[in-house]
Structure formats: C-alpha cells, structure tokens
Amino acid sequence: IYLEGRDSSGNEVAFYLASVSGEDIIFKYSNIYGDLSDEITYITLTPFAAELPEKSGKMSDDYRQAGEEFTIYLKK
C-alpha cells in the first residue's frame, strides 16, 4: 500500500507502508519529491495497493487505486 498526492503548495508527496502491528498502521513519508514544507496546510492523497503474491513471495509492482482521494488538514 502507498499513498500519493499533493500538498497545499501543489508539490507531489508520497507515503509508503512502513509497518503493521495489530490495528496499528504506520506510513512514512518518502521524500523522493523533496522535504515537506513547514508552510503547507493540507495534503490530499489517494491510496494505491498491489495484490500479495500467492506463490513467489515477490511483491508485484502492479499498483492500482484502492480507494477514494482524501484530504488531511494540518494544524498550525
């Protein structure tokens, strides 16, 4: 699973699934597009997912949109 979208300044952002433990899910920011600015007020993201392999154990790169776009508003 990964999340991809834009911040309030129009910059691309991406987060990847770092770990899952019980009900706790942690996503980490992937700074492939640069650091997040302290000036942003929201991030709009779309979730993408790939199916788990049944046999090989090797993850597929065939990610597809897995839900609707959503926005996270950041508190200043």
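Refer to the preceding data block for the structure.
Residues numbered from 1 in each chain as written. Predicted model: local features only at pLDDT ≥ 70, side-chain atom pairs only at ≥ 80, totals over all residues. Heavy atoms only, no water.

### Thoughts on the overall build of the protein chain
Per the secondary structure count, the protein chain includes zero helices and six strands. Going residue by residue from the N terminus, the α and β elements of the protein chain occur as β-β-β-β-β-β. Going through the 76 residues of the protein chain one by one, you find that 20% of them count as buried. A fraction of 45% describes how many contacts in the protein chain between residues 6 or more apart in sequence connect residues 24 or more apart. Carbon together with sulfur atoms contributes 47% to the accessible area of the protein chain, which is approximately 6000 Å² in total. (Helix = DSSP H or I, 4+ residues; strand = E, 2+ residues; numbered from the N terminus. Buried < 20%, exposed > 50% of the residue type's maximum accessible area, 1.4 Å probe, protein only. Contact = heavy atoms within 4.5 Å. Areas by Shrake-Rupley, 256 points an atom, 1.4 Å probe, with all protein chains shown as cover.)

### So, the pattern of salt bridges
Pairs may arise between side chains of opposite charge once their charged atoms sit close together. Counting across every chain of the model gives one salt bridge. For R64, the salt bridge goes to D62, with nearest N and O atoms at 3.2 Å. (Salt bridge = Lys/Arg side-chain N within 4 Å of Asp/Glu carboxyl O.)

### Thoughts on a nonpolar patch on the surface
Residues I1, V20, I25 and F27 make up a contiguous nonpolar surface patch of about 370 Å² in total accessible area. Tracing the backbone shows V20 in strand β2 (residues 12-21). (Patch = residues over 30% accessible without salt bridge, like charges linked within 9 Å, V, L, I, M, F, W, Y side chains within 5 Å.)

### Thoughts on the packing of aromatic side chains
All chains considered together, the criterion is met by four aromatic pairs. When the centroid spacing of 5.1 Å and the interplanar angle of 15 degrees are considered together, the rings of Y2 and F48 count as stacked. Of this pair, Y2 sits in strand β1 (residues 2-7) while F48 is found in strand β4 (residues 42-49), placing the two residues 46 residues apart along the sequence. Chaining the aromatic ring pairs together yields one cluster made of Y2, F48 and Y63. (Phe/Tyr/Trp six-rings, centres within 6.5 Å; stacked < 30°, edge-to-face > 60°.)

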